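A look at the structure
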Protein chains: 8
Amino acid sequence: MSVDEALAQLANLPYEELGFAKIDHHRALRRGFPEVIFGPGKTAEQIASIVERLASSASKVLVTKVDQECLNTVKRLVPDAEYHPIARAITVNRAKDAPRRRGIMVLSGGTADIPIAEEAALTAELMGNEVERSYDVGVAGVHRLLDHLPRLRQAKVVVAVAGMEGALPSVVSGLVSVPVIAAPTSVGYGASLGGLAALLTMLNSCSAGVSVVNIDNGFGAGYLAALINR
Amino acid sequence: MSVDEALAQLANLPYEELGFAKIDHHRALRRGFPEVIFGPGKTAEQIASIVERLASSASKVLVTKVDQECLNTVKRLVPDAEYHPIARAITVNRAKDAPRRRGIMVLSGGTADIPIAEEAALTAELMGNEVERSYDVGVAGVHRLLDHLPRLRQAKVVVAVAGMEGALPSVVSGLVSVPVIAAPTSVGYGASLGGLAALLTMLNSCSAGVSVVNIDNGFGAGYLAALINR
Amino acid sequence: MSVDEALAQLANLPYEELGFAKIDHHRALRRGFPEVIFGPGKTAEQIASIVERLASSASKVLVTKVDQECLNTVKRLVPDAEYHPIARAITVNRAKDAPRRRGIMVLSGGTADIPIAEEAALTAELMGNEVERSYDVGVAGVHRLLDHLPRLRQAKVVVAVAGMEGALPSVVSGLVSVPVIAAPTSVGYGASLGGLAALLTMLNSCSAGVSVVNIDNGFGAGYLAALINR
Amino acid sequence: MSVDEALAQLANLPYEELGFAKIDHHRALRRGFPEVIFGPGKTAEQIASIVERLASSASKVLVTKVDQECLNTVKRLVPDAEYHPIARAITVNRAKDAPRRRGIMVLSGGTADIPIAEEAALTAELMGNEVERSYDVGVAGVHRLLDHLPRLRQAKVVVAVAGMEGALPSVVSGLVSVPVIAAPTSVGYGASLGGLAALLTMLNSCSAGVSVVNIDNGFGAGYLAALINR
Amino acid sequence: MSVDEALAQLANLPYEELGFAKIDHHRALRRGFPEVIFGPGKTAEQIASIVERLASSASKVLVTKVDQECLNTVKRLVPDAEYHPIARAITVNRAKDAPRRRGIMVLSGGTADIPIAEEAALTAELMGNEVERSYDVGVAGVHRLLDHLPRLRQAKVVVAVAGMEGALPSVVSGLVSVPVIAAPTSVGYGASLGGLAALLTMLNSCSAGVSVVNIDNGFGAGYLAALINR
Amino acid sequence: MSVDEALAQLANLPYEELGFAKIDHHRALRRGFPEVIFGPGKTAEQIASIVERLASSASKVLVTKVDQECLNTVKRLVPDAEYHPIARAITVNRAKDAPRRRGIMVLSGGTADIPIAEEAALTAELMGNEVERSYDVGVAGVHRLLDHLPRLRQAKVVVAVAGMEGALPSVVSGLVSVPVIAAPTSVGYGASLGGLAALLTMLNSCSAGVSVVNIDNGFGAGYLAALINR
Amino acid sequence: MSVDEALAQLANLPYEELGFAKIDHHRALRRGFPEVIFGPGKTAEQIASIVERLASSASKVLVTKVDQECLNTVKRLVPDAEYHPIARAITVNRAKDAPRRRGIMVLSGGTADIPIAEEAALTAELMGNEVERSYDVGVAGVHRLLDHLPRLRQAKVVVAVAGMEGALPSVVSGLVSVPVIAAPTSVGYGASLGGLAALLTMLNSCSAGVSVVNIDNGFGAGYLAALINR
Amino acid sequence: MSVDEALAQLANLPYEELGFAKIDHHRALRRGFPEVIFGPGKTAEQIASIVERLASSASKVLVTKVDQECLNTVKRLVPDAEYHPIARAITVNRAKDAPRRRGIMVLSGGTADIPIAEEAALTAELMGNEVERSYDVGVAGVHRLLDHLPRLRQAKVVVAVAGMEGALPSVVSGLVSVPVIAAPTSVGYGASLGGLAALLTMLNSCSAGVSVVNIDNGFGAGYLAALINR
């Protein structure tokens, strides 16, 4: 493909103008998954419209970080939308029977980190993966993690979700030879600074093979895991 | 493999005690690449000893963020060590003829980001990859990046290195469907806060598929790219 | 004009003392637009009084960042006051028929940034400008922005509003030859730090011609655009 | 111009590949001024090469934040390059006889802020402007500023450079009806936090019409002033 | 007085043990004003008890930063307690007829800063001062401040209360020869960082004679003004 | 004990899998006290389940930072659970008659710090200690502290809880020869930055023998005091 | 004095234009002390010129934060200039025989804080005060401070200089009934954050009557003490 | 002992006035160890004087964070002073034959953390302890730590020194039942923020029993360990 062809392709990418949003219908083709809707700052009506338009051309839609009541508005336009209360996400999935790839493992440091871990797992599942979970394996009791060594070593990519001191990804990465996606959470108080402490811990990991997403960005961690697991 | 077997294996991992360091000779087997030596805070003598011990059992050794003069001390013990002045790294490579995997592309936003980009590229090359580079493609002249669209779309993983506002990874990620590893640099001044501004930009990327390593951590970006490209 | 004359003029600037505020009736003459009322921290009664006094001598009044219910209190004193729910502003405009200057374009990175973009557009419109808008053109899908190149290149000043990583102004500025006013928003979470990440991105723009206003300061961006477009 | 034409134009923008840099020869046409070279992080040899290539197609070249000794390397390739010791900049100007536009005034709060103020003034002059300067007019002695009221009121755009508490732009903006570009400097100590205090002051200006550039970014302030003064 | 005498005096300072508080009845003698009660974090019952105990030995009591409803609880024990809704303070004053010293002037930058300015003024009044106020004299319209020059120059100490960019104390201090107490407020948004921007501005004042109290600490500013005005 | 034995022991530590949590029943043996439940981020149902499971094998259970209403859910499964409203903790204690060790003294700087001081005291008591308390002994009236010198000097470890400027631990440590555990609290406003100011004060203590726990971490301070007092 | 008269006075304040500085000869009359020269960021030549011009009309000149070698340049123009190596200041004092006011006491927490304490004491002395000093009285050994109680209680204003945890001003303020000026220093390491920790401690003082100047601003503390002691 | 007796004792604590320092000769009796000299900010002459005076009454003296050349100045006054190059400390020890207590173990995460670990170990040794060391046991290779389990479990207190992500203390604390003193170091780069990242990690430890000292404060960690081990 020449540069001219690539640019021509880019110039002609279709999107649908809603006024408050430009729906990128082509993204599923270009990037392998349709546009994902980040919920906060959008009205329920705006979310419902975008879901409806996306669902008209894609078999899967994901809305993150929304409350249960947003589902009611969405369902009026897209009746098969579903709400996932722990992950706080809405999905439309019209390809539930597609086969799933194995290889992704999602860990959480504590119980309070589970919502973000579930957001990651749900995203990766919607993108066609079988996801293995193990929660509450934080470093204060490292034997709980060691107990998972055999399963850990079979993963092709690990998502490690942790708040407070955020040390889980470093310890995990030292035990495996695959990429570890570190997802800090805002769980904690005082000097956790809303998750900044965990974020900094993860960025400074002395174990190579760790990369980091934004605080509470379970979606981003799951999405990246799915890209790596392809 | 049972949990007991895994733990027994872990318990019996060999390491060599140097007093000031514990050499993890087993890491090449366990993680696919030998222990990497982070230079700062170690004396040239300590570095030389560690390189010598590692090189006694591994075919490749990497020391990051060291000055040229450190090489002299290392060469006394390991004569085939080499210095890479732009990447500021020492390598020993006794497997230069091994075949290299394609798939990694390293971009830099500006000229001043090249040392970190080269640290990433050198790491990935030492780990057995063919690395494609394109430097000075920052977002202030987006046509320079668009000109690389066809090559970009053939990569299996992209490392995007940028200082100042650090916007390159977001723009790149919107154009490709593979993982983008964002490596912020400390290039900039004033409100760049030693690279924190670029780091925050990358963590907040509105384009999914981006993950981030520490500021100036070219090594970490290259290492992760190699893991993903396996 | 001599220094003495200028100072004498300054010394005799009229203002009206309300106790809790000093109304600067002269500002429309001196600065080309009457004093603008920043809503937060003032009671509805204080706002209503100030609007009434300003409206007694000026044909236009603007109150920013207020709720709908504030309008009721204001309307008791100034019946032709209007509320703009998206921009969260109250206006009085008794010069609606005045001709409007073209030249200002307001862009938003995402849907959630629209309230601040609208605050900017509304301010510029009230100051006598025709404002062109294009929303949801963030850098994650740069083709949506490229699609506006011809319109962008006709603008005399661009206001680029964006939260999260805030990369929009840099990319826009690289495509045009006019001033770009960057307005960061508090849209985002975690490491967006309430908009600080977007703010820092914009301050570190590697593209010349960008200047920045406070986080969520749509008013300031629109006001400055109007000054530049005169 | 249609979108297709604009994109075609963008796709075909010429740049020259130097390996460590991509020279954007077209920028003078597209943005009205050639690419400007930010000195830090580049070797003197790299700077000299870029200056030479730019000077082959443009009549003006600007390098910012470099030491005097960099000039020697540059002069070997471009003998008519000049060094400006206070502004710490190198220029090539082969259009010195072109007429200059009036309208820009550059102020500094203190003596120590002059290098940044001169960087701003030099940039604007190179871009074809006549620049009026007044230095050491900080708010601790507001009469020194009031003494310039008549000249201030004739400016079409004001650049206000200040470190420490950075209050100058707010006070100036309250006295004029034109855009004020606030350039914070790193002058100060302790809680000035390397210029962050001045930057925050300027971003929080209660006077509309102020926008801000990065700390010590005299170039950016002068460039923007020139764009506005066109 | 010898060291032994001083220590003996210190050792025998009476206080009353309430379990949750130790009432320092001696403070009025030692420091010239009784202990002041900082409201937040205490229950209404605790506040009422402390007020009652203090009022048993002192003629004046001050409680800061409390809601109106706290007064009801206090009044049950101390019926002559009064609430000041703007300053959000409770006072008991059984020495209202005492003569008051002139010399303190309290300024506010804007309308929204008035609650903190009133907290300062109320404190100084309770400590026996006549307080002159002038509100909404911020630097965006410096003529409003200049209009008060003669009164300003008669003050013996000035309290300057300001949020947002917090430039008022610097400008005031340049016009007078007496101490200026700078009281930053949390008024503002975005990069005001809850008042930190104003605080930093004031700490970096280039005008000598300014000292600073905590954000929103109107009480501290008024107390210090009273000490200086003695 | 050999390394193999230690690891074998670690490998076989029992825990109970609840899905959302892994109950570490062995911790009371290994660490001398059962796992403690940090309340925030867990549902009342999750907390109740964990308490029930822990109480099935341990004689003491502690839940920190929970509201009174959480007790109702817990009591359904564990009827002898108790709520401590000031410390905001739930405890189960089936070994109330065990003898208690003396030696721990808990101080608070002010009345508003008492909840954290009580969390510390309660934790230490549950772990088998007799705790001496003295509250409201902050440095603004150092005589209140001096009055406790004899009791202070009998302590084997002191917990000093303070918000605002957090100077109490330094002063205390200068008076005793035992470890001082400094517990900063979030009491304060403005530049207290949610307790960061007190935390930094304590970390920078010029008096040796002070160590610090997280802001508002009364539990951690009490736990450590109990470990030291064994 | 009327407003017109005051403004006329302000308008006609004489200053001398040096190009790089505007000498405010009138400040000694207006503010009671001539302009003070902050050394950093000025060349020795600029400092010498300003000293010479100030000394032509004032009997006292102060330059702060300069090295010994700056004195040589200054002495060429003003032979009676003196250097104070501990305070790192240059003074000219042609009124050494004037009587001095008692009432100012300067304390330092440690030995390393003495340079800032001396800068404060020197400033106050130059402004006509007798200054009492006591150094190394930090809170780690509070008996050293208590030993000064009688002298402390005779002061009319206290300057308390301290780095590290910066607790000295709070403790002092609790012992006296006069204003305490808190001067934080950058003495410390790690979490002292260049003096920010001490600064925050002082701003959060729970003892009323404390106000704060910038980190290492001994001059500002001494100047303010002199204003208060008038 | 009554309060009066305690205060009398405090009032009469002897100290020796050197002008720049007040030597607290009594501290060895009061706190069990003589005053320790923090080197930075003191001249070599000041340090030598203080060492000489302390050594005149105490058998042990410790100076921290000094260069080798400081020793020369000290030796002129105290010939038996010794320098410890890794710990960067000077000691005088005239009680070398005293028996030493076992129970303290000092760990370091990496090789670059050893200087701080040695500062801790040296301090504890000087205070009469036998110290067991194990260096380079960071969490990236947790098997190196597990290999020390039997020795770890015999310690009465553990000092865990680590830079970068600082996760070592949490993992260690989960394996032992004794106090863990966490000492963060400034080892790292970029987002390690000079050790703040490690400090925050340690403060947020999810494992109870951990307390934290200042960044690079090896002395403080060793001192506290000695107090606990008494």
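This is a predicted model, so every value here is computed, not measured. (Residues numbered from 1 in each chain as written. Chains lettered and ligands numbered in written order. Predicted model: local features only at pLDDT ≥ 70, side-chain atom pairs only at ≥ 80, totals over all residues. Heavy atoms only, no water.)

A short note on the overall build of chain A
Counting secondary structure elements, chain A contains ten helices and eleven strands. In summary, chain A has a C-alpha radius of gyration of 19 Å against a globular reference of 17 Å for 230 residues, a match within 12%. Once the C-alpha set of chain A is aligned to its principal axes, its extents read approximately 50 × 45 × 35 Å. Of the contacts made within chain A by residues no fewer than 6 positions apart, 65% connect residues no fewer than 24 positions apart. (Helix = DSSP H or I, 4+ residues; strand = E, 2+ residues; numbered from the N terminus. Rg over C-alpha atoms; globule rule 2.2 N^0.38 Å. Contact = heavy atoms within 4.5 Å.)

Section: the packing of aromatic side chains
Under the counting rule described, the total for this entry stands at 24 aromatic pairs over all chains. Both rings, one in Tyr189(A) and one in Phe38(F), keep their centres 5.3 Å apart while their planes meet at 25°; by these two values the pair is stacked. Highlighted residues: Tyr189(A) in the loop between β10 (180-184) and α9 (196-203) and Phe38(F) in strand β3 (residues 37-38), drawn from two different chains. An aromatic cluster of at least three residues, connected via ring pairs, comprises Phe33(A), Phe219(A) and Tyr223(A). Here Lys65(E) stacks its cationic end above the ring of Tyr189(F), 5.1 Å away from the centre of that ring. (Phe/Tyr/Trp six-rings, centres within 6.5 Å; stacked < 30°, edge-to-face > 60°. Lys NZ or Arg CZ within 6 Å of the ring centre and 35° of its normal.)

Concerning the sheet that holds strand β3 (residues 37-38) of chain G
Residue and element names in this part refer to chain G. Ordered in space as β3-β4-β6-β5, the four strands form an open sheet in which the pairing is mixed. Lying at the two open borders of the sheet, with one neighbouring strand each, are β3 and β5 (82-84). Of the pairings in the sheet, the one linking β5 to strand β6 (residues 89-93) comprises three bridges and is antiparallel in character. Residue pairing for β6: His84 is matched across the bridge by Ala89. (Pairing = 2+ DSSP bridges.)

Digging into the layout of surface pockets
The space that makes up the largest pocket amounts to roughly 1,700 Å³. Taken together, 41 residues line the largest pocket, and the ones lying closest to its centre are Leu196(A), Leu196(B), Leu196(C), Leu196(F) and Leu196(H). Going through the elements one at a time, α9 of chain A, α9 (196-203) of chain B, α9 (196-203) of chain C, α9 (196-203) of chain D, α9 (196-203) of chain E, α9 (196-203) of chain F, α9 (196-203) of chain G together with α9 (196-203) of chain H are the ones with two or more residues in the lining of the largest pocket. When the residues that make up the lining of the largest pocket are grouped by side-chain class, the tally is 36 nonpolar, five polar and no charged. (1 Å grid on protein atoms, 1.4 Å probe; cavity = no way out; pocket = protein on both sides within 12 Å on 5 of 7 lines; lining within 4 Å. Points joined across faces, edges and corners; volume = space filled by probe spheres on them. Nonpolar A, V, L, I, M, F, W, Y, C, P; charged D, E, K, R; others polar.)

Some thoughts on the arrangement of the chains
A gap remains between chain D and chain F, with no contact made and the closest C-alpha atoms lying 13 Å from each other. There is a gap between chain A and chain G: no contact, and a shortest C-alpha distance of 13 Å.

Brief notes about helix α5 (residues 114-126) of chain B
Along its 13 residues, α5(B) runs 18 Å from first to last C-alpha, staying within 8% of the 18 Å computed at 1.5 Å per residue. Regarding α5(B), the residues found buried are Ile114(B), Ile116(B), Ala117(B), Glu118(B), Glu119(B), Ala120(B), Ala121(B), Leu122(B), Thr123(B), Ala124(B), Glu125(B) and Leu126(B). (Expected span 1.5 Å × (residues − 1). Buried < 20%, exposed > 50% of the residue type's maximum accessible area, 1.4 Å probe, protein only.)

Structural notes on the pattern of salt bridges
Taken as a whole and assessed by the stated rule, the structure comprises 80 salt bridges over all chains. Notably, a salt bridge pairs Glu132(D) with Arg151(D), separated by 2.4 Å at the nearest N-O pair. Linking Glu132(D) in strand β8 (residues 129-134) with Arg151(D) in helix α7 (residues 149-154), this pair joins segments that are 19 residues apart in sequence. If you follow the salt bridges from partner to partner, you end up with Glu118(A), Glu125(A) and Arg133(A) in one network. (Salt bridge = Lys/Arg side-chain N within 4 Å of Asp/Glu carboxyl O.)

Some words on the pairing of β10(A)
Residues and elements named next belong to chain A. Within β10, five of the five residues are buried, which leaves the element mostly enclosed by the surrounding structure. Burial along β10 is two-sided: the residues Val180, Ala182 and Pro184 and Ile181 and Ala183 are all buried. For the crossover that starts at strand β9 (residues 157-162), traverses helix α8 (residues 168-173) and ends in the parallel β10, the hand is right-handed. After leaving β10, the chain enters α9 and then returns to the sheet as strand β11 (residues 210-212), a path that is right-handed. (Right-handed = clockwise from strand over helix to strand, strands pointing away.)

A look at helix α5 (residues 114-126) of chain H
Taken across its 13 residues, α5(H) has twelve buried, putting it largely inside the fold. The first or second residue beyond α5(H) is Gly128(H), which carries a positive phi of 100°.

Brief notes about the environment of Asp80(D)
All names here are of chain D. Following the sequence through the fold, Asp80 ends up in the loop between α4 (68-77) and β5 (82-84). Note on Asp80: relative accessible area 34%, which makes it partly exposed. Along the chain, Asp80 and Leu196 lie 116 residues apart, while their C-alpha atoms are 38 Å from each other. Non-local contacts of Asp80, meaning those with residues more than four positions away in its chain, are made with Thr91, Val92 and Arg94.

Describing the packing of helix α3 (residues 44-55) of chain F against helix α4 (residues 68-77) of chain F
Residue and element names in this part refer to chain F. Close contact between α3 and α4 brings their axes to 8 Å; oriented N to C, the two are set at 40°. Between α3 and α4, the angle is such that the two are oblique. For the pair α3 and α4, the sense of crossing is right-handed. Side by side, α3 and α4 meet where Ala44, Glu45, Ile47, Ala48, Ser49, Val51 and Glu52 of the first sit next to Cys70, Thr73, Val74 and Leu77 of the second. Tallied by class, the residues present in the contact of α3 with α4 amount to seven nonpolar, two polar and two charged. (Axes fitted to C-alpha atoms, helices over the stretch in contact; angles between N-to-C directions. Parallel < 35°, antiparallel > 145°, perpendicular 65-115°, else oblique. Left-handed = near helix turned anticlockwise from the far one by under 90°.)

Side note on the sheet that holds strand β6 (residues 89-93) of chain H
Within a sheet, adjacent strands bond to each other through the backbone by hydrogen bonds, running parallel or antiparallel. Residues and elements named next belong to chain H. Sheet architecture is open: four strands sit in the order β3-β4-β6-β5, paired in mixed fashion. Because the sheet does not close on itself, it has two edges, and the strands there are β3 (37-38) and β5 (82-84). The strands touched by helix α3 (residues 44-55) are β3, β4 (60-64) and β6; relative to β4, the strand with the most contacts, the crossing angle is about 160°.

What about the environment of Val213(B)?
With respect to the helices and strands, the residue Val213(B) is situated in the loop between β11 (210-212) and α10 (218-229). Considering only alpha carbons, one finds Val213(B) and Pro99(B), 114 residues apart in sequence, at a separation of 28 Å. The contact partners of Val213(B), leaving out residues within four places of it in the chain, are Leu203(A), Val210(A), Ser211(A), Ile181(B), Ala182(B), Ala183(B), Pro184(B), Leu199(B), Gly220(B) and Ala221(B).

Focus on the side chain of Lys42(H)
Secondary-structure assignment places Lys42(H) in the loop between β3 and α3. We note that Lys42(H) is buried and unpaired, the nearest opposite charge coming from Asp136(G) at a distance of 7.0 Å. Within the structure, the side chain of Lys42(H) is placed 2.7 Å from the backbone oxygen of Phe38(H), a separation counted as a polar contact. Those residues within four positions of Lys42(H) in sequence are excluded, and the remaining contacts are Thr111(G), Ile37(H), Ile47(H) and Ile50(H). (Lys, Arg positive; Asp, Glu negative; His and termini not counted. Polar contact = N/O pair within 3.5 Å; in protein donor to acceptor, adjacent residues only side chain to side chain.)

Here's the deal with the confidence of the model for chain A
Model confidence for chain A is summarised by a mean pLDDT of 92, while 93% of its residues fall at 70 or above. Across the interfaces of the predicted complex, the ipTM metric reaches 0.94, alongside a pTM of 0.95. (pLDDT = per-residue confidence, 0-100.)

Topic: the side chain of Asn129(D)
All names here are of chain D. Among the secondary structure elements, Asn129 is positioned in strand β8. Among the polar contacts made by the side chain of Asn129, one reaches the main-chain carbonyl oxygen of Ala124 at a distance of 2.9 Å. A distance of 2.9 Å separates polar atoms of two side chains, one belonging to Asn129 and the other to Asn229. For Asn129, the contacting residues outside a window of four places in its chain are Arg100, Arg101, Ile104, Ala124, Ala226 and Asn229.

A closer look at the packing of helix α5 (residues 114-126) of chain E against helix α10 (residues 218-229) of chain E
Residues and elements named next belong to chain E. Two numbers describe how α5 lies on α10: the axes approach to 7 Å, and their chain directions differ by 35°. In this structure, α5 meets α10 at a crossing whose hand is right-handed. On α10, the residues touching Ile116, Glu119, Ala120, Thr123 and Ala124 of α5 are Gly218, Phe219, Ala221, Gly222 and Tyr223. Taken together, the residues of the contact of α5 with α10 sort by class into six nonpolar, three polar and one charged.

Details of unusual backbone geometry
The backbone phi angle of Met164(F) is positive, close to 45°, even though this residue is not glycine. Positive phi is not limited to glycine here, since Asp216(G) has a value of about 65°. Topologically, Asp216(G) is positioned in the loop between β11 (210-212) and α10 (218-229). For Asp216(G), a relative accessible area of 17% puts it in the buried group.

Considerations on the pairing of strand β9 (residues 157-162) of chain B
Residue and element names in this part refer to chain B. Burial runs high along β9: six of the six residues are buried. Here β9 shows a buried face lined by Val157, Val159 and Val161 and a second buried face lined by Val158, Ala160 and Ala162. With five bridges joining them, strand β7 (residues 101-108) and β9 adopt parallel strand pairing. Paired with Ile104 across the bridge in β9 is Val157. With five bridges connecting them, β9 and strand β10 (residues 180-184) associate as parallel partners. Across the sheet, the residue bridging to Val158 is Val180, located in β10.

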